[in-house]
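One-letter residues, chain by chain:
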Amino acid sequence: MTASAHAAHLAQLNVATLRHPLDDPRIAPFVEMLDPVNAAADAAPGFVWRLVEDGAADATGLRPAGEDVIVNLTVWESQEALWDFTYRSGHLEVMRRRREWFERHVEAHLVLWWVPAGHLPTVGEALERLADLRANGPSPRAFTFASSYTPAEAVEHLRAVPHDARHAGPAPAGDVAAV
């Protein structure tokens, strides 16, 4: 691949509201899948990075979106790589069973956005992108698989929209680098 093929990476955040605490026996099948699914993600073609709690193997102990909400924040080389992992791997079993463990979300629970290669998004940045998607719908700044944009469209969007209009408040740490 050329250097420009990976000038941007795809960041994704998804949030899930637990039906029961993680130590509840009804959530045990999900907890048992965490290590194998995370290992599969780490080894998947196009995987770049995932958020983990300090000293832990995953991010389930982090609760930046609420005490009963777990977050998954990852970066991938391309949208295709993320799609393949999400829907064409062992991760699909988790997707099929998600209603056993998680509440159904009324508003968006997944957001995608482009970041420059090498940029690792913060949780604050990710939650801001999700809030943007929920408030404004899909745009090159915050989108979904069903409403995707290219990295070029994201860059063009940033050029067209003044910085103050892109942010309700101060830019989260690291957001200046985000596409």
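Whatever comes next refers back to the structure up there.
Below is a short write-up of the structure. Computed from a prediction, not measured in an experiment: that's the story for all the values here.

## Some words on the packing of helix 2 (residues 79-87) against helix 3 (residues 91-101)
For the pair helix 2 and helix 3, interaxial distance at closest approach is 5 Å and the crossing angle is 65°. Between helix 2 and helix 3, the angle falls in the class roughly perpendicular. Every residue of helix 3 that contacts helix 2 at F85, T86 and Y87 is listed here: H91, L92 and M95. Its residues assigned to classes, the contact of helix 2 with helix 3 shows four nonpolar, two polar and no charged.

## Some points on the pattern of salt bridges
Per the counting criterion, the structure on display carries 10 salt bridges. Put simply, R97 and E100 hold a salt bridge, and the shortest N to O gap is 2.9 Å. Of this pair, R97 and E100 both sit in helix 3, separated by three residues, roughly a single helical turn. With a closest N to O distance of 4.0 Å, R129 and E128 form a salt bridge. Considered together, R129 and E128 belong to a single accessibility category, that of buried residues. Via salt bridges that share partners, E128, R129, D132 and R141 belong to a single interconnected network.

## Things to note about the environment of E67
Locating E67 in the fold gives a position in the loop between strand 2 (47-50) and strand 3 (69-76). Of the residues examined, E67 reaches a relative accessible area of 64% and is grouped as exposed. Remark: the alpha-carbon pair of E67 and T17, spanning 50 residues in sequence, is separated by 8.9 Å.

## Considering the nonpolar core
Counting 26 residues, the largest nonpolar core has F30, W76, W101, F102 and L112 as the members making the most contacts within it. Elements represented by at least two residues in this core include exactly strand 1 (8-17), helix 1 (28-43), strand 3, helix 2, helix 3 and strand 4 (110-116). It is helix 1 that provides the largest number of residues to this core, a total of five residues. In contact with F102, other than residues within four places in its own chain, are A16, T17, L18, R19, F30 and I70.

About the thresholds
Residues numbered from 1 in each chain as written. Predicted model: local features only at pLDDT ≥ 70, side-chain atom pairs only at ≥ 80, totals over all residues. Heavy atoms only, no water. Axes fitted to C-alpha atoms, helices over the stretch in contact; angles between N-to-C directions. Helix = DSSP H or I, 4+ residues; strand = E, 2+ residues; numbered from the N terminus. Parallel < 35°, antiparallel > 145°, perpendicular 65-115°, else oblique. Contact = heavy atoms within 4.5 Å. Nonpolar A, V, L, I, M, F, W, Y, C, P; charged D, E, K, R; others polar. Salt bridge = Lys/Arg side-chain N within 4 Å of Asp/Glu carboxyl O. Buried < 20%, exposed > 50% of the residue type's maximum accessible area, 1.4 Å probe, protein only. Core = buried A, V, L, I, M, F, W, Y, C linked by side-chain atoms within 4.5 Å.

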